[in-house]
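Descriptive structure summary
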Amino acid sequence: MDKVLSFHQGRLPLLISMPHAGLKLTPAVDNGLVEQARSLPDTDWHIPRLYDFARELGASVVAAEYSRFVIDLNRPDDDKPLYVGATTGLYPATLFDGEPLFKEGQAPTAEVRKTYLESIWRPYHNTLQSELARLREAHGYALLWDAHSIRSLIPHLFDGKLPDFNLGTFNGASCDPQLAERLQGVCAEAGNYSHVLNGRFKGGHITRHYGDPANHIHAVQLELAQSTYMEEVEPFAYREDLAQPTQRVLSQLLEAMLAWGRQRYGH
Ligand SMILES: [Zn+2]
């Protein structure tokens, strides 16, 4: 297996996770995809580029190298559905628009998929776990930001146009409520952007599993509407003019999270 993730260790008590940023395919997935899946339309496009300021800020960053079409790192390894209604699983069978992802009989076998679980899913989660443990040991607390983005119009998954900033805290279970309030405040003051807390996207497996406020690990998911920084149609071009003001808000959100941590924990 090729390199399955990239990891950068920072100096602050903040880890940014990018589980759907990957573009690599395995041979079995590459061979089996239907034509309209070949452009990887359901990728969280350009997320590492959008957050390129975060390393300079001092955050740790982990990003997937493999596409969610191979294995979805934001799903539990037992593949329990995250949401009631339409959703995609650990090994997606459909595109976001509900169309089949693989040509008939061409999906990878269960045996092959087991190797994806061990060689792609497991290392990503081991990295999350060990880095969060290191941060908590070093700082007394750890902050986890799970960074996502999605097309703002997907009738199969949700009605109407998605708000720009979709914060998820698993209905308040994954972080201190005061932190969520601070982040909402940043969005509200950001001007031309809409936002929601625990709307359609409440936080996926990563947010739910690692967020443990009683043990000083605070996790937040941001599902960002892709219309805030790119073209949502092929070839999914990054739009610097849109991205720059969006990056300012992202930076303010991360700064607010860090400021909340310093205040709450006294350093
Ligand atoms: Zn995502």
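The structure contained in this document is the topic of the report that follows. (Residues numbered from 1 in each chain as written. Predicted model: local features only at pLDDT ≥ 70, side-chain atom pairs only at ≥ 80, totals over all residues. Heavy atoms only, no water.)

A tally of helices and strands in the protein chain yields seven helices and seven strands. Reading the protein chain from its N terminus to its C terminus gives the helix and strand order β-β-α-α-α-β-α-β-β-α-β-α-β-α. Here the protein chain has a C-alpha radius of gyration of 18 Å; the compact-globule value for 267 residues is 18 Å, and the two agree. By the burial criterion, 54% of the 267 residues in the protein chain qualify as buried. Intrachain contacts of the protein chain at a sequence separation of at least 6 include 80% that bridge at least 24 residues. For the protein chain, the accessible surface area stands at approximately 11500 Å², while carbon and sulfur atoms represent 50% of it. (Helix = DSSP H or I, 4+ residues; strand = E, 2+ residues; numbered from the N terminus. Rg over C-alpha atoms; globule rule 2.2 N^0.38 Å. Buried < 20%, exposed > 50% of the residue type's maximum accessible area, 1.4 Å probe, protein only. Contact = heavy atoms within 4.5 Å. Areas by Shrake-Rupley, 256 points an atom, 1.4 Å probe, with all protein chains shown as cover.)

With that settled, consider the coordination of the zinc ion. Protein coordination of the zinc ion is provided by His-20 (ND1), Asp-44 (OD), Asp-44 (OD) and His-148 (ND1), with donor distances spanning 2.1 to 2.8 Å. Every donor counted, the four donor atoms about the zinc ion form angles of 51 to 145 degrees at the centre, which fits irregular coordination. (Donors = N, O, S within 2.8 Å, 3.2 Å for Na, K, Ca; no water. Tetrahedral: all angles 85-135°; square planar, octahedral: opposite > 155°, others 65-115°.)

On to the pattern of salt bridges, then. Within this structure, the stated rule accounts for 14 salt bridges. For the salt bridge of Lys-24 with Glu-65, the shortest nitrogen-to-oxygen distance reads 3.3 Å. Separated by 41 residues along the polypeptide, Lys-24 in the loop between strand S2 (14-18) and helix H1 (27-32) and Glu-65 in the loop between strand S3 (60-64) and helix H4 (110-139) bring together distant segments of the chain. Here Asp-30 and Arg-38 are joined by a salt bridge, their closest N and O atoms 2.5 Å apart. Overall, the relative accessible area of 32% leaves Asp-30 in the partly exposed class. The network of salt bridges with shared partners includes Asp-2, Lys-3, Lys-24 and Glu-65. (Salt bridge = Lys/Arg side-chain N within 4 Å of Asp/Glu carboxyl O.)

Let us now look at the sheet that holds S2. With mixed pairing, the seven strands of this open sheet are ordered in space as S1-S3-S2-S4-S7-S5-S6. Edge strands, defined here as strands with exactly one partner in the open sheet, are strand S1 (5-8) and strand S6 (195-197). In this sheet, neighbouring strand axes are inclined to one another by 15 degrees on average, regardless of whether the strands run parallel or antiparallel. With four bridges connecting them, S2 and strand S4 (residues 142-150) associate as parallel partners. Residue pairing across strands places Ile-16 opposite Trp-145, the latter belonging to S4. Set on the sheet, H4 makes contact with S1, S2, S3, S4 and strand S7 (217-225); between it and S2 the angle comes to about 170 degrees. (Pairing = 2+ DSSP bridges. Axes fitted to C-alpha atoms, helices over the stretch in contact; angles between N-to-C directions.)

Counting buried positions along S2 yields five of five residues, so the element is predominantly enclosed. Neither face of S2 is left uncovered, since the one carrying Leu-14, Ile-16 and Met-18 and the one carrying Leu-15 and Ser-17 both have all their residues buried. Direction of pairing for S2 relative to S3: parallel, over a ladder of four bridges. Counterpart to Ser-17 in the pairing with S3 is Val-62.

Time to look at the side chain of Asn-74. Turning to its location among the elements, Asn-74 is positioned in the loop between S3 and H4. Here Asn-74 is in contact with Pro-19, His-20, Leu-82, Asp-146, His-148, Gly-204, His-205, Ile-206 and Gln-221, once residues within four sequence places are set aside.

Here the focus is empty space enclosed by the protein. A complete count under the given rule lists one cavity of 30 Å³ or more for this structure. Of the volumes computed, that of the largest cavity is approximately 180 Å³. Along its surface, the largest cavity is lined by 19 residues, and Arg-68, Arg-75, Tyr-83, Phe-201 and Glu-223 are the ones closest to its centre. Secondary-structure elements contributing two or more residues to the lining of the largest cavity are S4 and S7. For the lining of the largest cavity, the element with the highest residue contribution is S4, accounting for three residues. (1 Å grid on protein atoms, 1.4 Å probe; cavity = no way out; pocket = protein on both sides within 12 Å on 5 of 7 lines; lining within 4 Å. Points joined across faces, edges and corners; volume = space filled by probe spheres on them.)

The terminal C-alpha atoms of helix H5 (residues 177-189), which comprises 13 residues, lie 19 Å apart, in line with the 18 Å expected from a rise of 1.5 Å per residue. Regarding H5, the residues found buried are Leu-179, Ala-180, Leu-183, Val-186 and Cys-187. Each buried residue of H5 lies within a common arc of 115 degrees when the element is viewed along its axis, so the set occupies one face. Relative to its buried face, H5 has exposed residues pointing more than 90 degrees away, namely Pro-177, Gln-178, Glu-181, Ala-188 and Glu-189. Contacts made by the buried residues of H5 are with S4, strand S5 (165-168), S6, S7 and helix H7 (240-265). Phi turns positive, to about 85 degrees, at Gly-191, one or two residues after H5. (Expected span 1.5 Å × (residues − 1). Arc of directions from axis to C-beta.)

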